[in-house]
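Architecture at a glance
Listed below are the residues making up each chain.
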Amino acid sequence: MTRRPLARYALRTASLAVFLGLWQVLTSLDVDLWLRFSQFPTVTDVARAFADRLSGGDYWTDLTDSLTRILTGFALAAVLGVATGVLVARSRLAEDLLGPVLEVIRPIPAIALVPVAILLFPSNEQGIVFITCTAAFFPVLVSTRHAVRALTPVWEEAVRTMGGGRLRILGSVVLPGALPGIFGGLSVGIGVSWICVISAEMISGQYGVGYRTWQDYTVVNYPGVFVGMVTIGILGWVTSTAVELLGRRLTRWLPRTSYVPGGRTRAPRPAPAPVRADGDPEQQTQPEQQRQKDTEEARDEHLV
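Right, let's walk through the structure included here. Not measured: the values here are computed from a predicted model.

**A few points about helix α1 (residues 5–28)**
Counted at 1.5 Å a residue, the expected span for α1 with its 24 residues is 34 Å, and the 34 Å between its end C-alpha atoms agrees. Downstream of α1 by a residue or two, D30 has a phi angle that is positive, lying close to 50°.

And the structure:
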């Protein structure tokens, strides 16, 4: 039995309230067992600092700069990652030419490319966008490549049989079929982008949430540090949710299942069998049994 949406939202709100309450108690009582909560600001201190920041202009400038950097770098990574992933998955020549270079660069953390960005680009702004793009590029590339290679060849052969060319196959088979995997990479990429853009702003930025958070740490303004952390968390959650919602909208044709803890899916409640006049339920006809079996098999094969 599943909970109603209102009950789920209430449970989530209660979970967040318990977390904040525990934080307030541990920090206000200066609890020092093994973790030193006495060094942490209380929830009320962070709330007051947050209210002060919201009333100032610097906070909104930092917010705008960070969002501009993350959206620009992520958009570039999405386009380049999908295009490169499809190209490498569909062309052996492209795989031989680009594959070794990409596999050598892929394990390098994007934040380690900060010196390269400083030397390569004439401005820090371009360097930060480059780091953000690089961070999201490889998750999108790998997910797209695996998704395209996992497509069944039957679909492509069907399009070729009806006279479709490469562009028709790309638009009707490859991209639609790989969309679930592509958006899986995009969801991972947006999170990694936030990690790297904040780190890049701390090192070489002049404005932005990461830069302001590091400045607060250097002047021992710990409530301001937590304001930056909360801001980063909210921005990351909003952007990740936006990517997920867009993915669900573009893949509406996929069958959906209700999530049940324990790895099981909630099966639809079977309709009661019709009752004859003598009180015995009628047996299901063969088409009905076959339809129910096909529905269960499709549900198992297309879990989302």
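**Comments concerning the pattern of salt bridges**
Inspection of the entire model under this criterion finds eight salt bridges. Note that D45 and R48 form a salt bridge whose closest N and O atoms lie 2.4 Å from each other. Here D45 pairs with R48, and both are found in helix α2 (residues 43–54), just three residues apart, close to one helical turn. We classify R48 as exposed; its relative accessible area is 51%. For the salt bridge of E125 with R69, the shortest nitrogen-to-oxygen distance reads 2.9 Å. A residue pair is termed long-range when its members are at least 10 positions apart, and E125 in helix α6 (residues 124–149) and R69 in helix α3 (residues 57–90) qualify at 56 residues. Here R69 falls in the buried class, since its relative accessible area comes to 3%. Bridged by salt links that share partners, the residues R69, E125 and E201 form one connected network.

**Some remarks on the side chain of T231**
Following the sequence through the fold, T231 ends up in helix α10 (residues 222–250). One polar contact links T231 to Y59, side chain to side chain, over a distance of 3.0 Å. A polar contact of 2.8 Å, which involves the side chain of T231, links it to the backbone oxygen of V227. The residues contacting T231, other than those within four sequence positions of it, are F50, Y59, L63 and V209.

**A look at the side chain of T213**
Inspection of the secondary structure puts T213 in helix α9 (residues 209–218). The class of T213 is buried, set by a relative accessible area of 6%. Setting aside residues up to four positions removed in sequence, T213 forms contacts with M202, V225 and G228.

Definitions and limits used
- Residues numbered from 1 in each chain as written.
- Predicted model: local features only at pLDDT ≥ 70, side-chain atom pairs only at ≥ 80, totals over all residues.
- Heavy atoms only, no water.
- Helix = DSSP H or I, 4+ residues; strand = E, 2+ residues; numbered from the N terminus.
- Expected span 1.5 Å × (residues − 1).
- Salt bridge = Lys/Arg side-chain N within 4 Å of Asp/Glu carboxyl O.
- Buried < 20%, exposed > 50% of the residue type's maximum accessible area, 1.4 Å probe, protein only.
- Polar contact = N/O pair within 3.5 Å; in protein donor to acceptor, adjacent residues only side chain to side chain.
- Contact = heavy atoms within 4.5 Å.

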